[in-house]
Amino acid sequence: MKRNALILFFATFTFLAFGDVANVRRSLAAELQTPPAKTDAKTDANVARQEFASLTKDGALRTRAAFYPTELAFGDVGYFATFERNVGDETFSPYAPFEFELAKYIDLGAITLTSPDVPGRYEIAPELATRRFFVKKIGFRLREIPPGVERRKVAVALEFPPLEDWNAPFWASVRDKLSHQNAVELRLRVEFSRSEADYPFRVDEAFETSLVLKRRPQNELERLARWFDATPANLFPERFPNGDGAVVKAPSSKGTPDLVSSGASDVEIGGKFYDPWLFVRPGFRKPSDPNAPTTVDGWRRLETEFAPSTLRDEITLTRLQLEYYDASEGTESDVALKTLVDWTSQLQEPQRVILSQSIRSKHGRLYETPLKEKSAALCKALAPLSTSQTLAPNDAK
């Protein structure tokens, strides 16, 4: 079928249950006769990158995927993101999720870890800030991508391991290995969906790379173990099928559908107390409720107790947000905002995109608080870093 006919067909189904989308997606993928052309993942600057050529004759859409870092410590965070660029001469309009969290739900397949050093395999389940996607129909839209423009497709943070899986068999074996050797080799495979110019639905792909997981300092490891022990089971997320053969995590079905505070570690800003999840990325519990510091100074002290790592980066980002929201209006607030944006801009691309977009995704919840205006200013300042839609570097001229 021609592109316009397919797009018109797709556009008539404005609201579809996800299960219907998954079935159509699998059907379209089965019709493709040519396997995707791609290169093996290549690593530089601790970032693994892989490119996927267009399946269409005009080669209009190219996808690249990136993961950072390829060397990390037990308990750290890795960041995976994909980007789609229109290298053709025509504007086209593939489907696009209406928000950051939804992309994690419908554009990711199975994410698995294996290791030659330990038995078994582990399936990473990305965590969502809500489970509302499971019980409501989802609206889809088409988003135009003009020639020369690149947009972020999907971005997700992966925990090695998540705190709730501290004693999962795979991770217990890895931790045991690291008790008497410096590092363990891991193999990461991320299944994801990408758009195609002639296919308004998606095409399945897989990104693969080797990782080195190093031993974490013993004092830090013990602190993480204490946080695990101190977290009630009801504050950990549950696993849910995403309707397409993979799993995600979301707030426990025994409570509210959204990720909210238990009240045990609300943080004080300007004499008011706020849910720590307003500042901590969903899925990051090192620390969050109920182990998080309750003051800006507490977050500053905590940051100094961890060695440089992606785990500490997440603590730093929370500290920078709190300093900005706690700063007096005027010069102090402007300086704090610039410090936060400058720090974020220096991160490697996958980490920068995910952390900046995570902050921007919280604006809706902060809108009803005294931090509303500051949140809006921060989201505006971070917008260029989230790569929602930008000119590709080599096309900017």
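Residues numbered from 1 in each chain as written. Predicted model: local features only at pLDDT ≥ 70, side-chain atom pairs only at ≥ 80, totals over all residues. Heavy atoms only, no water.

### Quick notes on helix H8 (residues 331-345)
Defined as follows: To qualify as a helix, a DSSP run of H or I must reach at least 4 residues; to qualify as a strand, a run of E must reach at least 2; elements of each kind are numbered from the N terminus. Residue count minus one, scaled by 1.5 Å, sets the expected span of a helix. Burial status follows relative accessibility: with a 1.4 Å probe on protein chains alone, a residue under 20% of its type maximum counts as buried, one over 50% as exposed, and anything between as partly exposed. Here the arc refers to the directions that run from the helix axis out to each C-beta atom. Residues count as neighbours in contact if any of their non-hydrogen atoms are within 4.5 Å of one another.
Here H8 spans 21 Å end to end across 15 residues, near enough to the 21 Å set by a 1.5 Å rise per residue. Considered for burial, the residues of H8 that qualify are Ser333, Ala336, Leu337, Leu340, Val341 and Thr344. The buried residues of H8 occupy an angular sector of 125° when the element is viewed end-on, so they sit on one face. Residues Thr331, Asp334 and Lys338 are exposed on H8 and point more than 90 degrees away from its buried face. Each element contacted by the buried residues of H8 is listed here: helix H7 (310-326), helix H9 (349-360) and helix H11 (372-382).

### Details of the environment of Leu382
Examined against the element boundaries, Leu382 turns out to sit in helix H11. Accessibility expressed as a relative area gives 0% for Leu382, which makes it buried. Note: C-alpha distance between Leu382 and Val341 (41 residues apart in sequence) is 6.5 Å. Among residues more than four places away in sequence, those in contact with Leu382 are Leu340, Val341, Thr344, Ser356, Ile359 and Arg360.

### Re the side chain of Ser252
On the secondary structure map, Ser252 appears in the loop between strand S16 (247-250) and strand S17 (267-269). Leave out the neighbours within four places in its chain, and Ser252 touches Arg131, Asn234, Phe236 and Glu238.

### Structural notes on the pattern of salt bridges
As a working rule, side chains carrying opposite charge can pair if their charged atoms are close by. Inclusion rule: By convention in these notes, a salt bridge is any Lys or Arg side-chain nitrogen within 4 Å of a carboxyl oxygen on Asp or Glu.
This structure, assessed with the given rule, holds 28 salt bridges. Across the salt bridge formed by Glu305 and Arg223, the nearest N and O atoms sit 2.3 Å from each other. Taken together, the positions of Glu305 in the loop between helix H6 (296-304) and H7 and Arg223 in helix H5 (residues 218-230) put the pair 82 residues apart, joining distant regions of the chain. With relative accessibility at 34%, the residue Glu305 sits in the partly exposed group. Notably, a salt bridge pairs Arg281 with Glu314, separated by 3.0 Å at the nearest N-O pair. Here Arg281, found in the loop between strand S18 (272-274) and H6, pairs with Glu314, found in helix H7; they are 33 residues apart in sequence, far enough to count as distant. Each member of the pair, Arg281 as well as Glu314, is classed as buried. When salt bridges that share partners are traced, they join Glu127, Glu164, Asp165, Arg239, Lys249 and Arg285 into one network.

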